[in-house]
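Here is what each chain is made of, one letter per residue.
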Amino acid sequence: MAKRRPAHCALCGELRLVTREHVVPRGLYPDSKANSRFQRIVIPTCGTCNNGTSDDDAHFRNVVSIAGDANAAVKELWDGPIRRSFGQVDGRRRALDMYALMQPVLRDPSNRYQVYPGRDPRILCTLRKIVRGLSHHHGLRSAVGDDEVFADVLKANVPDEIVLSLQATDAEPDILTYRYGRIEDSAGLESGWLLRFYERTMFIGLVFESAEAKRRLEAAGELARLQADIAQSIGS
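Computed from a predicted model, the values in this text were never measured in an experiment.

Conventions and cut-offs
- Position labels on residues start from 1 in each chain and follow its written sequence.
- Local features are withheld for residues below a pLDDT of 70 in this predicted model, meaning they are given only at 70 or higher, and side-chain atom pairs are given and counted only at 80 or more; totals for whole chains, interfaces and linings count all residues.
- Hydrogen atoms and water are omitted, and side-chain values are computed over all heavy atoms in the structure.
- Counted as salt bridges are all cases of a side-chain nitrogen of Lys or Arg within 4 Å of a carboxyl oxygen of Asp or Glu.
- Runs of H or I in DSSP of at least four residues are treated as helices and runs of E of at least two as strands, each being numbered from the N terminus.
- Summary of the burial criterion: residues with accessible area below 20% of their type's maximum are buried, those above 50% are exposed, and those between are partly exposed, where the area comes from a 1.4 Å probe applied to protein chains only.

A. Expanded view of the pattern of salt bridges. One pass over the structure, following the stated rule, counts 15 salt bridges. As a salt-bridge pair, arginine 128 and aspartate 146 come within 2.8 Å of each other at their nearest N and O atoms. One end of the pair, arginine 128, is in helix 6 (residues 121-137); the other, aspartate 146, is in the loop between helix 6 and strand 6 (149-153), and 18 residues separate them in sequence. For aspartate 146, a relative accessible area of 29% puts it in the partly exposed group. Here glutamate 212 ties to arginine 215 by a salt bridge, and the two come within 3.3 Å at their closest N and O atoms. Linking glutamate 212 with arginine 215, this pair stays in helix 8 (residues 211-219), spanning 3 residues, or about one helical turn. Using a relative accessible area of 45% as the deciding quantity, one classes arginine 215 as partly exposed. Residues participating in the shared-partner salt-bridge network are Asp55, Asp56, Asp90, Arg93, Arg94, Asp97 and Arg122.

Honestly, it's all geometry; don't read function into it.
And the structure:
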């Protein structure tokens, strides 16, 4: 069991007993990464914030792994922990959870299916938690509430010059690469995030100054517009 100590939780800000937890779920890394020299990103989190998230983390891994072409890391995951998970007691439920997100590709004679991770609240909840942890890790703001973050599949093309203007880093290039930046000229917003998993599946994250600021923009129908032009906002 991980050693607990009193400290402020990076996710809720409360002074509690905390443990060092991974921002990027460990299950996203295949076994070959176990001895990697890459320093995994960890933050202090309390039991309340970290309780009951392991099932959603595994679901996130399973769904994102089929959301595009498989790189070597994804192939290893499928040959190992993902395939083994379907043989466990809850394996059938896990498989059905994935299947519920799959839709047939219209007018495709090969009968292929496509997965839509942005339609699953559990996927987006895990993504919001990753963004919250990264915000703490990079010193932008600690204790970002779940209700202060918007996350979705990236649905807009981002100009290369804007992407290159953002701070770039990774949590192992074949697992997660991401770019982030502060947003200075859009009222209510603090930072924007572009995250790419397994070298192809892109998500966007927006951190708001407060839950009220997020609700205000949602009520005004502004979130759809923000996703379309957030790259310009981050890069300006």
